Amino acid sequence: MTREEKSIAIEDLTAQLAGTNIVYVADISGLNAETTSNLRRACFKAGIKLEVVKNTLLVKAMEVSENEYGDLPSVLTGNSAIFISDVANGPGKIIKDFRKKSAKPVLKGAYINNEVYIGDDQLDALATIKSKEELIGELIGLLQSPAQRIISALQNKFAGEEQAEEA
């Protein structure tokens, strides 16, 4: 790879990193062609971009990025692939699902909304992070719950009064 090609690759990675707050780094080496194809297909369906990257280029892109990746560059050894998503738990769920059938992908780390997670032991926590939409849905449900109880109580009261008047 020439210097010019490396420079272009770093610019592309930097642009990708600038466009997201959710980046997972994993080792997908050793997966056979069929499993890798299935992983890519699952990522595509979930709106996740999967790309195998050179560690040195990713480190340089992280250095020039506006985001603070903390210790994440320290895990960039061996083979690395990045999962870029709009949903915080999306890549975690896909990795966890694939781990039911094989030992890979192995999570190296993740950057989610200015938080850095290091190590494969974080996978369960990352897969259960609630998305923005899920949190909003829960909040709306909590806000609607008291109003629904009042309406239900009023309906029950009026139904009881109507039954008493009929008797």
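Here is a short report on the structure shown in this document. Computed from a prediction, not measured in an experiment: that's the story for all the values here.

### A closer look at the packing of aromatic side chains
Moving on, step 1. In this structure the tally under the stated criterion is one aromatic pair.
Moving on, step 2. Summarising the aromatic geometry, the rings of Y69 and Y111 are spaced 4.5 Å apart at their centres and angled 50 degrees between planes, so their arrangement reads as tilted. With Y69 in the loop between α3 (55–64) and β3 (80–84) and Y111 in strand β4 (residues 106–112), this residue pair connects regions lying 42 residues apart in the sequence.
Moving on, step 3. Since its relative accessible area comes to 0%, Y111 is described here as buried.

### Some details on the sheet that holds strand β5 (residues 115–118)
Moving on, step 1. Read from one edge of the open sheet, five strands run β2-β3-β1-β4-β5, paired in antiparallel fashion. Both outer strands of the open sheet, β2 (49–53) and β5, are each paired with one neighbouring strand and no more. Each strand axis lies, on average, 20 degrees off the axis of its neighbour in the sheet, ignoring direction.
Moving on, step 2. Relative to β5, β4 runs antiparallel, the two being bridged by four bridges.

### Here's the deal with the pattern of salt bridges
Pairs can form between side chains of opposite charge once their charged atoms are near each other.
Moving on, step 1. Going through the model one piece at a time under the given rule, you end up with five salt bridges.
Moving on, step 2. A salt bridge links K104 to D27, with the shortest nitrogen-to-oxygen separation between them at 3.3 Å. Of this pair, K104 sits in the loop between α4 (90–98) and β4 while D27 sits in strand β1 (residues 22–27), and the two are 77 residues apart along the sequence.
Moving on, step 3. You can call K104 partly exposed: its relative accessible area is 21%.
Moving on, step 4. Classification of D27 as buried rests on a relative accessible area of 16%.

What counts as what
Residues numbered from 1 in each chain as written. Predicted model: local features only at pLDDT ≥ 70, side-chain atom pairs only at ≥ 80, totals over all residues. Heavy atoms only, no water. Phe/Tyr/Trp six-rings, centres within 6.5 Å; stacked < 30°, edge-to-face > 60°. Helix = DSSP H or I, 4+ residues; strand = E, 2+ residues; numbered from the N terminus. Buried < 20%, exposed > 50% of the residue type's maximum accessible area, 1.4 Å probe, protein only. Pairing = 2+ DSSP bridges. Axes fitted to C-alpha atoms, helices over the stretch in contact; angles between N-to-C directions. Salt bridge = Lys/Arg side-chain N within 4 Å of Asp/Glu carboxyl O.

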